[in-house]
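Residue-level listing of the chains:
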Amino acid sequence: MSKSIEQDAQEMIELVGEINAQKQYKDQFISLLNKTNTDAEREVILRGRPKQEQLDYYNRYIMELLGRMDRANQRIMAECEEPPQPEQAISTTI
């Protein structure tokens, strides 16, 4: 496997981890909001922003990460489709 394919594959693994983390953060945010009993508690969690704005932030970031995964995958596919480069013979004459 070429170095660039390995790097792209490693990037994809890291992106999967980041996507999972962001999904957990989003789920925790929603869970916290659902457990609030007062407007004051809700305001602390929302930090002065509308709920939908917070959710949109998580969704946009996850979509950005998925886009980066797609680009890494496209690079891998392009490299796999390229014909192999012939190796140059090493001259052994002295």
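Above: the structure in question.
What counts as what
- Residues numbered from 1 in each chain as written.
- Predicted model: local features only at pLDDT ≥ 70, side-chain atom pairs only at ≥ 80, totals over all residues.
- Heavy atoms only, no water.
- Helix = DSSP H or I, 4+ residues; strand = E, 2+ residues; numbered from the N terminus.
- Buried < 20%, exposed > 50% of the residue type's maximum accessible area, 1.4 Å probe, protein only.
- Contact = heavy atoms within 4.5 Å.
- Areas by Shrake-Rupley, 256 points an atom, 1.4 Å probe, with all protein chains shown as cover.
- Salt bridge = Lys/Arg side-chain N within 4 Å of Asp/Glu carboxyl O.

Novice: Mind showing me how you'd approach the overall build of the protein chain here?
Specialist: Secondary structure summary: the protein chain contains three helices and zero strands in total. The order of α-helices and β-strands along the protein chain, N terminus first, is α-α-α. Looking at the protein chain residue by residue over its 94 residues, the buried ones come to 22%. A sequence separation of at least 24 residues applies to 74% of the contacts in the protein chain between residues at least 6 apart. Of the accessible surface of the protein chain, which amounts to about 7600 Å², a share of 53% is contributed by carbon and sulfur atoms.

Novice: Quick question: what am I supposed to make of the pattern of salt bridges here?
Specialist: A pair can form between side chains of opposite charge whenever their charged atoms are brought close. Here the structure, examined in full by the defined rule, presents four salt bridges. With a shortest N-O distance of 2.8 Å, Arg 75 and Asp 8 are connected by a salt bridge. Residue Arg 75 is located in helix 3 (residues 51–81), and its partner Asp 8 is located in helix 1 (residues 3–35); the two are separated by 67 residues in the primary sequence. Residue Arg 75 is classed as partly exposed on the basis of its relative accessible area of 38%. On the accessibility criterion, Asp 8 (8% relative accessible area) is buried. Two residues, Lys 23 and Asp 27, come together in a salt bridge whose shortest N-O distance is 3.0 Å.

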